[in-house]
Amino acid sequence: MNCCGWWQRQEGQRNRVVLDLKLIRDNLDPVQATLNLRGGGYDLQPIVALSQQQRQLEQERSLLQARSNDIGKQVGQQMKSGAKPDDLAVIALKDEGNQIKAQLADLEPREKELKAQIEAILLTLPNLPDASTPVGKSEDENVEVRRWGDEFIPQNPDILPHDEIGVKLGILNFERSVKIAQSRFVTLIGAGAALERSLIQFMLDQHIQAGFVEVLPPILINSASLTASGQLPKFAEESFKCDRDDLWLTPTAEVPITSLYRDDILSDADLPIYHCAFTPCFRREAGSYGRDTRGLIRLHQFNKVEMFKFVRPERSMDELESLTQQAESILQALKLPYRVIALCTGDLGFSAAKTYDLEVWLPTQGKYREISSCSNCGDFQARRANIRFKEAGKKGTQFLHTLNGSGLAIGRTMAAILENYQQPDDTIQIPDVLQPYLGRETL
RNA sequence: GGAGAGGUGGCCGAGUGGUUGAAGGCGCAGCACUGGAAAUGCUGUUUAGGGGUAACUUUAACGAGGGUUCGAAUCCCUCCCUCUCCGCCA
């Protein structure tokens, strides 16, 4: 992680609060207990201790600075009323000012160091699971919520895996992609490229119609953006980095979209804000050697249409349900069988408080595979990104809630179509809703 | 990449060392006036941390970081960003 230097250009950021320090201080045991549901051995005790010391120093420093300000004023007044710089009274004040300066020079670095330590630890703490997230240690304890489209599961026993049929049809090429780049890349050719493009267009159209405003964000993004949405500091290994520039290849559109409103104070009238975006996504897939080495399931570069919501806190759980349904509506329109899984506390992503995964049926694997992940991040990302809203007529600001969901991963959708729509003669029927986009009925 | 200009509150815009968290204006909110409104007048109008049940109090912030000073929006250094012109380029 140290090789990447992601922390080096963070100075533009105000101190981020991340998990609410006050919440931790005032509710140590419940917060610790909730965090423990994730596993991972997070310990809040050191933070509380450091925070205690830091506040102690802050109080001392404030007092000194108050006195220092006072001295400054007094000198100013005396000079104004005609005192000379070498008057005894003035010199005495200056001396005291210098003494305070010396004391502050000792205090300040110590407090700063404590703050930095606290901040560094806080940034590594994941979000607290929502109370409605099922408790469990690993993905084995995820809970299936519902299934859809059993009647569309193909019964043909001779279906070829999507990568094999894709290569056979000449629309996917993996070998040449190794030549161009590496393994875990694909080149789409002819109708394959067109199908990918049609899927992107179709999905965006669906979301735009549902009220999501399309954005096409930068795909090279800075460290502050990755920190804001929770990818940094813990997951530096997972992203591609352009080392000379403090720029990273985006792992998901969630990251640039979160930072669209970083450090903003929105008006409550602005909420909710719905965005959708098509972007390529880049992941190093460190630690997944040997998993899904074939096909479109796990690539270093893949396309995805993402949905994102900025909402009022009390609405976020309802918004998660409708976000999930929006993602489901794409699978339903494509008539692809899927199931909805509620991730358990042990399998929850770093920034999420609650997550539904959508898993599409892949006949040749005989199982459901993740094609969308819809998460309510609560105020976790809003804290890191410092995105607040102000209620008309009310004092102060509050952090809003963010949600994100794939709608959908394009490559995996392609894979699902190539298998579920495969015909006995090795052609691919094109789903009805895509035909107008692609301009043909079969591949 | 080369040359120049600039970054102040929701916005415009003043401010080159001393009660400036920041004049003035616009906007916004409340009140007054009105049958209602406009116009007008008055009042208010940033955020974050600490202490306090609270009223309140204190600290910090004028792009960011550092320095000079008893005292910095104002002076010095470094960095970032924006704009204009030239070059290059899709």
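Thresholds applied
- Residues numbered from 1 in each chain as written.
- Chains lettered and ligands numbered in written order.
- Predicted model: local features only at pLDDT ≥ 70, side-chain atom pairs only at ≥ 80, totals over all residues.
- Heavy atoms only, no water.
- Helix = DSSP H or I, 4+ residues; strand = E, 2+ residues; numbered from the N terminus.
- Buried < 20%, exposed > 50% of the residue type's maximum accessible area, 1.4 Å probe, protein only.
- Pairing = 2+ DSSP bridges.
- Domains from an automatic or database assignment.
- Disulfide = S-S within 2.5 Å.
- Expected span 1.5 Å × (residues − 1).
- Bend = angle between axes of the 7 residues up to and from the residue.
- Contact = heavy atoms within 4.5 Å.

1. Concerning the environment of P109
Tracing the backbone through its elements, the reader meets P109 in helix α4 (residues 88-123). Classification of P109 by relative accessible area gives partly exposed; the value is 45%. On a C-alpha basis, the gap between P109 and L299 in space is 46 Å, while along the polypeptide they are 190 residues apart.

2. Brief notes about the pairing of strand β10 (residues 301-311)
For β10, a buried count of 10 out of 11 residues is recorded, marking the element as mostly surrounded by other parts of the structure. Two elements, strand β9 (residues 273-282) and β10, share 10 bridges in a ladder whose sense is antiparallel. Pairing of F282 across the sheet is with Q301, part of β10. Of the pairings in the sheet, the one linking β10 to strand β16 (residues 401-409) comprises seven bridges and is antiparallel in character. Across the sheet, the residue bridging to V311 is H401, located in β16.

3. Some points on the domain arrangement of chain A
Each assigned domain of chain A is listed here: domain 1 (45-123) and domain 2 (139-438). One C-alpha centre belongs to domain 1, the other to domain 2, and the line joining them spans 50 Å.

4. Quick look at the pairing of strand β13 (residues 367-376)
The side chains of a regular strand alternate between the sheet's two faces. In terms of burial, β13 is largely enclosed, as eight of its 10 residues are buried. Where strand β12 (residues 354-362) lies against β13, nine bridges are found, and the strand directions are antiparallel. The residue bridging L358 from the neighbouring strand is S372, located in β13. Remark: four residues form the turn of the hairpin made by β12 and β13, two consecutive strands paired antiparallel; G366 in that turn has positive phi of roughly 65°.

5. Considerations on the state of the cysteines
Scanning the entire structure with this criterion turns up zero disulfides. With no disulfide of its own, C281 lies closest to C276 among cysteine sulfurs, the gap being 14 Å. Since its relative accessible area comes to 0%, C281 is described here as buried. As a non-bridged cysteine, C377 has C374 as the owner of its nearest cysteine sulfur, 11 Å distant.

6. Some points on α4
Taking 1.5 Å of rise per residue, 36 residues should cover 52 Å, and α4 covers 51 Å from first to last C-alpha, within 8% of that figure. Along its length, α4 reaches its greatest deviation from straightness, about 25°, at L104. When α4 is considered as a whole, its buried residues turn out to be V90, L93, G97, I100, L104, L107, E111, L114, I118, E119, L122 and L123. Along its buried surface, α4 packs onto α1 (21-26), α3 (45-80), α8 (223-229) and α11 (380-385).

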